[in-house]
Amino acid sequence: MATYSINSTFKLNSGYEIPRLGFGVYQTPPDATEKAVLEAFDVGYRHVDSAAIYRNEAGCGSAIRASKLPRSEIYFTSKIPSRGMSYAGAKEQVETSLKISGLDYIDLMLIHAPYGGSAARKDVWKALVEAVEEGKIRSIGVSNYGVHHLDELEKHIAELEAERGGKGKGGIISVNQCEVHPWCPRNDIAEWCAKRNIAFEAYAPVVRGERFGEKSLVSLASKHGKTEAQILIRWSLQKGYIPLPKSVTPSRIKENASVYDFELSKEDMDALEFDEYAPVCWDPVKSGLDN
């Protein structure tokens, strides 16, 4: 069993290290974002997951500067929104995210969802590859991509390599971020990513609290003297994923990071295996390639 700490990282295909625990800011109000992110930094988080559509990149950037932590120690993610699914749209969004956040570079930029059709997905990926080459972004990846979308992306990368002058010119997939938890395990995507050393990030790792009270979860929380949220975050870590819990409550922010002083046994992990597919968020993963 791998031993994790809040300082544990995963080495991406891009060569950069990403912290294995992230702090999500989805639905965090813009005027509350700086305070929440600073609280997260205070308890040890060094990885912040934002997106253009969250409208809080500015607060994230303000917190990064106010923290006085070295920029190199902080990992910041943003995402290209569905409305920006074109070559020009993606190029413009990269510039906008840099300007709004006030950062010199973005550690990770993801395509937020596989919408817009095949040609648009390829064009957006190409724009991100160019942004990496220009030093504006360090690593790139996708979000809400199913295996069929990922297979298509590999074809796009091969095409871009042929079009742009050889191996490496098509970009490198570093991350896929999806809703992942015991009731939406996405084992097929996890396996696809693991075979290629692609980090699998888990948003909604505590299922928005909607499964709190489930017998197996309550039992494990009692057994380990932990909260149900802590059990779910630990499950994600032990699966090898990168969970992205979110909160604006200082006590919960701290609680969600206090998951390194216990370990789930194989029996515990097995107790969280369910034959269910029950996402609690949107589900672009299931969208068709022509969507």
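Residues numbered from 1 in each chain as written. Predicted model: local features only at pLDDT ≥ 70, side-chain atom pairs only at ≥ 80, totals over all residues. Heavy atoms only, no water.

*Asks:* Just checking my understanding: could you explain the layout of surface pockets for this structure?
*Replies:* Empty pockets left among the atoms are what a rolling probe the size of a water molecule brings to light. Reported here for the largest pocket is a volume of approximately 660 Å³. As for the largest pocket, its lining consists of 28 residues, and the residues nearest its centre are Y26, Q27, A204, R208 and K246. Of the residues forming the lining of the largest pocket, the biggest block, three residues, is contributed by helix α9 (residues 250-257). Its residues assigned to classes, the lining of the largest pocket comprises 15 nonpolar, eight polar and five charged. Here the second largest pocket is characterised by a volume of approximately 230 Å³. What lines the second largest pocket is a set of 16 residues, and nearest its centre among them are T9, E17, P19, S72 and E73. Residues belonging to the lining of the second largest pocket are distributed by class as follows: six nonpolar, five polar and five charged. (1 Å grid on protein atoms, 1.4 Å probe; cavity = no way out; pocket = protein on both sides within 12 Å on 5 of 7 lines; lining within 4 Å. Points joined across faces, edges and corners; volume = space filled by probe spheres on them. Helix = DSSP H or I, 4+ residues; strand = E, 2+ residues; numbered from the N terminus. Nonpolar A, V, L, I, M, F, W, Y, C, P; charged D, E, K, R; others polar.)

*Asks:* Quick question: what am I supposed to make of the pattern of salt bridges here?
*Replies:* Close approach of charged atoms lets side chains of opposite charge pair. Counted under the stated rule, the structure contains 20 salt bridges. Taking the shortest distance from any N to any O, the salt bridge between R71 and D107 comes out at 2.8 Å. Linking R71 in the loop between α2 (57-66) and β5 (75-80) with D107 in strand β6 (residues 106-111), this pair joins segments that are 36 residues apart in sequence. Both residues of the pair, R71 and D107, belong to the buried class. Here E163 makes a salt bridge to K122, at a shortest N to O gap of 2.8 Å. One end of the pair, E163, is in helix α5 (residues 147-164); the other, K122, is in helix α4 (residues 118-133), and 41 residues separate them in sequence. Relative accessible area serves as the criterion here: at 52%, E163 is assigned to the exposed category. Overall, K122 belongs to the buried group, its relative accessible area being 14%. (Salt bridge = Lys/Arg side-chain N within 4 Å of Asp/Glu carboxyl O. Buried < 20%, exposed > 50% of the residue type's maximum accessible area, 1.4 Å probe, protein only.)

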